[in-house]
Amino acid sequence: MIFAKSTHWRGGASAEHLLGVASTAVGLVVGVASLYMSWLGYKADRREKADSLGLTAMTDELAFAVRTQWQAEARVRRLEEPYALPVPWRPARDDVVEPWDLLVRTSTGAPSDRPTLPPAWADGPECLAGSDGEIVQVFTARVPGRRLLILGEPGAGKTMMLVRLLLGLLQSREAGSPVPVVFPLASWDPDRQELDTWLAERLATDYPGLAAPAPAPAAGGPSRVTSRARALLDQRLVIPLLDGLDELPAHTRAVALDAVNRTLPPGTPLVLTSRTAEYRTAVDPPANVGVPVRLNGAAGIELDAVAPAEGAAYLRRDAGGEGTPSAERWRPVLDLLPTDSPVGRALQTPLTLFLARTIYNPRPGERLTALPDPAELCDTTRFPTAADVRARLFDAFIPSAYRPLPGHQVRWTSRQAQQTLTFLARHLEDDLHGGADFAWWQLRLAVPEAARRLLSGAVLGAAMFLLTLLAICLAILGFFAGGSLGNLLALFCAAPDIPLFFGDWDGGLLGPPLWMLAVCAAYLPAGWLLSQVFRMRERNAPAVRGHWSWNSRSLLLGLGAAVLVGTVLDFLLDRVAGVGWGAVAGLVCWLVTAWSAAPADLASVTSPQELLRQDRRTCWGFVRTGALLGLLAGLLLGTLLGYLDGDLRDDPVSRLIESTVFGCGIGFWSGLVLGVAAALHRTAWGDFALSRLYLAARRQGVLPRDLMTFLTDAHQARGVLRQVGPIYQFRHIDLQRRLARHAEAPPILAPATRPEDAEGRPPT
């Protein structure tokens, strides 16, 4: 068609010159596209090489990531401050575990009195008793089959014991051997999800690199596609440390135990923790409610209360040591620790001892007069039961954690922190059905679905409107600047203004004002419609990079956009414009929607902040990709339409340049809008940002302006939250439930909590 068109031109020189310009333009597009595809191929080759990593190397990198994560978490939780609190244990009662003879027979297939049994194995459950660091030896050497049940009362230190076990196992681990990984059971729904599926998903969430496809040999063959996480679980290269059976709903605990027995049968090493009473209920349900079920092939231990002498020494040491004024304040409390008083029964667990020292012990440079007196816990009128003492400790914990300290700035008052943490606790209890995991990308669940849809549509409509205003301003600037460059800038920015000119029946610059208002108002439903289209492939999980994902749905969306735009422009302009710009719209829409998200590298230890930064970078990457693809498509189509549309005989070079620039403008602005839409719906950061805006407007003062900084401070500096991979949890599930059920904690009874008091200066 190009050569047929050129036969009508006057002068072969002009035709040859025009063909040269066209060849240069097309060559430029092809060259840029080739370089871009080569770059993508290079990255794909590198990822393919990384994906071919064997399972042995995967386990070593996973072990490094797990060790790094939990060493940092142990420091943040202050498990070694002032020293590791000794926690003893005894064998679990016979009615909740397997008989020892059956346990040995299940593990070896031989009678328990056979002389060839490993000499390190315990002779019976009574040999499992121990304390502190012995937990590693108990699991690896004394327990037949390496299946262990850890029971204990609320706050007895089950999770702390699990962390010690994990770090001890990693310290003695050999290359290529299985890796212990903590799995908080609170996020599992046994009624809806199989255990093996949940384990793989949780492993990929905590360590995003494991979401990538496993190499063919590890996946079970070239025709089977599975994730690295699933491959490691299938090959028994992960030792599940299942934490918190009691945090599951009561009616699902027996179902969960049965699922553990089926998915992780005897012979598979594992550890399970639970509160004693909740586990006993699952093992021995009420009459006519299921059948008794217990953890098959597992030995059990039960954590004991902290000895009164150990608790007293711990509190005195944290207060500065024997004989110091701050330690002497504890004397009334310490005298009651060995008794059956409410405070004596309450201060028997690592959790309550940690809360007590946080509330009542001063930090370096802090005045004693700025703190409440621990002797108040001895008041049986205010605290007649141990539950009342524990409630007092929970209520006072957050105000004490956010009190100002010398050398440590506090950006939030205790009241602000209380409001935010109460909101998060209620979000977990109400929106996440009592779950313990707070993930920043799930904040959207605190916003009604209808509100989220309207908000995303309104944002897209506003973005289209603002881009139109920006284009108008740039076009006016180019018009008044004059000259060739000014005219080309005005032409490039004219594409978003096309709808405004369709109402220009009277010859005005922008048409009647009513038409302008109608077009501007039409951006809102147009944004909502575009949002609904992209929600067909919405992604709610964080993204760490973009990659091509060829699929039929993206192709159908591209064809639909091409038909729609082509039909409209064919009706409004002519057939050539309809075919050409319909092809541009379809190509850009197809390429943008086919650009999706991919997981992170295997060895990365992903914190919530880093995952948010990666997702935000990917979000802006979608915007850049959409604009770039639109620009390239507009350059190609604008050049070709310059040949096929209009009379180029007068000034063929100028007409071709104008057509190309106008095509680049349409492609760029269209690709930019599609890129913004893809960014909002292909990453989690878009929904997170919109949810924060909505909640900030509806609940003023509840959420801080920088929520992630608040969460980081609550975890690393205050000890209120704990972190498991990219997910936050309250330090203890009882703290979460206490906050969710109480509107506001009672005030701390302290003389002062002002910074000048903390620094030792007289109050003014």
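Since this is a predicted model, take the numbers as computed values, not measurements. (Residues numbered from 1 in each chain as written. Predicted model: local features only at pLDDT ≥ 70, side-chain atom pairs only at ≥ 80, totals over all residues. Heavy atoms only, no water.)

*Asks:* Tell me about the sheet that holds strand 3 (residues 147-152), residues and numbers included.
*Replies:* The strand order 2-1-7-3-6-5-4 describes an open sheet built from 7 strands, whose pairing is mixed. Strands at the two margins of the open sheet, each flanked by one partner only, are strand 2 (130-131) and strand 4 (179-184). Bridging between strand 3 and strand 7 (residues 299-303) involves 4 bridges; their strand directions are parallel. Bridging across to strand 7, Leu 151 finds its partner in Glu 302. On the sheet, helix 11 (residues 276-283) packs against strand 3, strand 6 (270-275) and strand 7 and is oriented at approximately 105 degrees with respect to strand 6. (Pairing = 2+ DSSP bridges. Helix = DSSP H or I, 4+ residues; strand = E, 2+ residues; numbered from the N terminus. Contact = heavy atoms within 4.5 Å. Axes fitted to C-alpha atoms, helices over the stretch in contact; angles between N-to-C directions.)

*Asks:* Could you give an account of the packing of aromatic side chains, naming the residues involved and the relevant values?
*Replies:* Applying the stated criterion across every chain yields a total of 11 aromatic pairs. For the pair Tyr 402 and Phe 710, a centre-to-centre distance of 6.2 Å together with 10 degrees between the ring planes defines the contact as stacked. Taken together, the residues span a long stretch of sequence, with Tyr 402 in the loop between helix 17 (386-401) and helix 18 (414-431) and Phe 710 in helix 28 (residues 707-716) at a distance of 308 residues. With respect to class, Tyr 402 is no different from Phe 710; both count as buried. For the ring pair Trp 440 and Trp 441, a centre distance of 5.5 Å and an interplane angle of 90 degrees mean the geometry is edge-to-face. These aromatic residues form a ring-pair network of at least three members: Phe 183, Trp 188 and Trp 198. When the ring centre of Tyr 402 is taken as origin, the NZ or CZ atom of Arg 718, which lies over that ring, is 5.4 Å away. Above the plane of the ring of Phe 354 lies Arg 731, whose end atom (NZ or CZ) is 3.7 Å from the centre. (Phe/Tyr/Trp six-rings, centres within 6.5 Å; stacked < 30°, edge-to-face > 60°. Buried < 20%, exposed > 50% of the residue type's maximum accessible area, 1.4 Å probe, protein only. Lys NZ or Arg CZ within 6 Å of the ring centre and 35° of its normal.)

*Asks:* I'd like a description of the confidence of the model for the protein, backed by residues and values.
*Replies:* On average, the protein scores 79 in pLDDT, and the residues at 70 or more come to 75%. Between residues 44-52, whose pLDDT stays under 50, and residues either more than four places distant or in other chains, the model counts 7 contacts. Counted against residues more than four places away or in other chains, residues 745-764, with its pLDDT under 50, gives 45 contacts. (pLDDT = per-residue confidence, 0-100.)

*Asks:* Report on the pairing of strand 6, specifying residues and quantitative values.
*Replies:* For a regular strand, the rule is simple: side chains alternate between the two faces of the sheet. Taking burial as the measure, the 6 residues of strand 6 include 6 buried ones, the bulk of the element. Bridge count between strand 3 and strand 6: 6 bridges; the pairing is parallel. By the bridge assignment for strand 6, Arg 147 is matched with Leu 270. Examined bridge by bridge, strand 5 (residues 238-243) and strand 6 share 2 bridges and lie parallel to one another. Of the residues in strand 6, the one forming a bridge with Leu 242 is Leu 272. Taken together, strand 5, helix 10 (residues 253-263) and strand 6 form a β-α-β motif whose crossover is right-handed. (Right-handed = clockwise from strand over helix to strand, strands pointing away.)

*Asks:* How would you sum up helix 16 (residues 350-360)? Please name residues and give values.
*Replies:* Buried residues dominate helix 16, accounting for 11 of its 11 residues. Looking only at helix 16, the buried set comprises Pro 350, Leu 351, Thr 352, Leu 353, Phe 354, Leu 355, Ala 356, Arg 357, Thr 358, Ile 359 and Tyr 360. Against the buried residues of helix 16 lie helix 6 (158-171), helix 12 (308-318), helix 15 (342-346) and helix 17.

*Asks:* Kindly report on the side chain of Lys 158, identifying the contributing residues and their values.
*Replies:* Note that Lys 158 resides in helix 6. Although buried, Lys 158 forms no salt bridge, and the nearest oppositely charged side chain, Asp 246, lies 5.4 Å from it. When residues no more than four places from it in sequence are discounted, the contact partners of Lys 158 are Ile 150, Leu 151, Gly 152, Glu 153, Thr 273, Ser 274, Arg 275 and Leu 303. (Lys, Arg positive; Asp, Glu negative; His and termini not counted. Salt bridge = Lys/Arg side-chain N within 4 Å of Asp/Glu carboxyl O.)

*Asks:* Tell me about the pattern of salt bridges, residues and numbers included.
*Replies:* All chains considered together, the criterion is met by 32 salt bridges. Arg 142 is the partner of Glu 134 in a salt bridge, and the nearest nitrogen-oxygen pair spans 2.9 Å. Judged by relative accessible area, Glu 134 falls into the partly exposed class, the value being 31%. Ionic pairing is found between Arg 316 and Glu 322, a salt bridge with its closest N-O pair at 2.7 Å. Its relative accessible area of 25% is what places Arg 316 among the partly exposed residues. A single network of salt bridges, built from pairs that share partners, joins Glu 449, Arg 452, Arg 453 and Asp 687.

*Asks:* Explain empty space enclosed by the protein residue by residue, including any values.
*Replies:* Applying the stated criterion across every chain, the model contains 4 cavities of 30 Å³ or more. Lining the largest cavity are 27 residues; nearest its centre among them are Gly 157, Thr 159, Met 160, Leu 351 and His 732. Among the elements of the structure, helix 6, strand 6 and helix 16 are those that each provide at least two residues to the lining of the largest cavity. By residue number, the principal contributor to the lining of the largest cavity is helix 16, which donates 4 residues. Here the residues of the lining of the largest cavity sort into 10 nonpolar, 6 polar and 11 charged. (1 Å grid on protein atoms, 1.4 Å probe; cavity = no way out; pocket = protein on both sides within 12 Å on 5 of 7 lines; lining within 4 Å. Points joined across faces, edges and corners; volume = space filled by probe spheres on them. Nonpolar A, V, L, I, M, F, W, Y, C, P; charged D, E, K, R; others polar.)

*Asks:* Requested: an account of the pairing of strand 7, with residues and values cited.
*Replies:* Most of strand 7 is tucked away: 5 of the 5 residues are buried. Because side chains alternate across strand 7, one face comprises the buried residues Ala 299, Ile 301 and Leu 303, and the other comprises Gly 300 and Glu 302, equally buried. Sheet topology note: the strand 1 (residues 88-91)/strand 7 ladder contains 3 bridges and is antiparallel. The partner of Pro 91 across the bridge, within strand 7, is Ile 301.

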